[in-house]
Structures are given as C-alpha cells and as structure tokens.
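# Working through the structure, step by step
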Amino acid sequence: MPAKSKAQQKAAGAALSAKRGDTPKSKLKGASKEMLESMSEKQLEDFAKGSTKGKPEHVD
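Residues numbered from 1 in each chain as written. Predicted model: local features only at pLDDT ≥ 70, side-chain atom pairs only at ≥ 80, totals over all residues. Heavy atoms only, no water.

You'll find the chain entered in an unreviewed UniProt entry as DUF3008 domain-containing protein, with Sphingopyxis witflariensis given as the organism.

Pasting the structure below:
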C-alpha cells in the first residue's frame, strides 16, 4: 500500500532507515517512531517507494 502524501513517505523512509540501522532510533519522532514499532521492513519499503509527484504534502 503506497503512501497517500509526501509526509507519509518521508516518515516511512525515516523509519526504514532506522530499522536497517542507518539512522539512530533516538532521532525518530512522531509518526516515523510509531511506524518503526508497528510495521515490518517490507511494509515500510512499500509505503516509502514511489514518486511524490502529484501527492499532497499532508492528508487530513
């Protein structure tokens, strides 16, 4: 399931980076921290991939 907004993609990308050990988990905040704990690496990859073209910055 791809992200519906640019903000969701950024949060998933940050969580994926932390899950892989590239970014310290202590640097995560908000949605990315929740995503790290609740989603698998495969789910995060699916959520973060794709183009941001045409997506809104945030979704209500």
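Moving on, there is more to tell.
## Overview of the overall build of the chain
Summing up its helical and strand segments, the chain has 3 helices and 0 strands in all. Reading the chain from its N terminus to its C terminus gives the helix and strand order α-α-α. Counting the 60 residues in the chain, one finds 28% classified as buried. In the chain, of all internal contacts separated by at least 6 residues, the share reaching a separation of at least 24 is 63%. Here the chain displays about 4200 Å² of accessible surface, and carbon together with sulfur accounts for 51% of that area. (Helix = DSSP H or I, 4+ residues; strand = E, 2+ residues; numbered from the N terminus. Buried < 20%, exposed > 50% of the residue type's maximum accessible area, 1.4 Å probe, protein only. Contact = heavy atoms within 4.5 Å. Areas by Shrake-Rupley, 256 points an atom, 1.4 Å probe, with all protein chains shown as cover.)

## Examining the pattern of salt bridges
As enumerated under the stated definition, the model contains 5 salt bridges in all. Among the ionic pairs, Lys49 bridges to Asp46, the shortest N-O distance being 3.8 Å. Since its relative accessible area comes to 53%, Lys49 is described here as exposed. What you see here is one network of salt bridges that share partners, running through Arg20, Glu41 and Glu45. (Salt bridge = Lys/Arg side-chain N within 4 Å of Asp/Glu carboxyl O.)

## Remarks on the side chain of Ser32
Positionally, Ser32 belongs in helix 2 (residues 30–38). If sequence neighbours within four positions are ignored, Ser32 has contacts with Ala11, Ala14 and Ala15.

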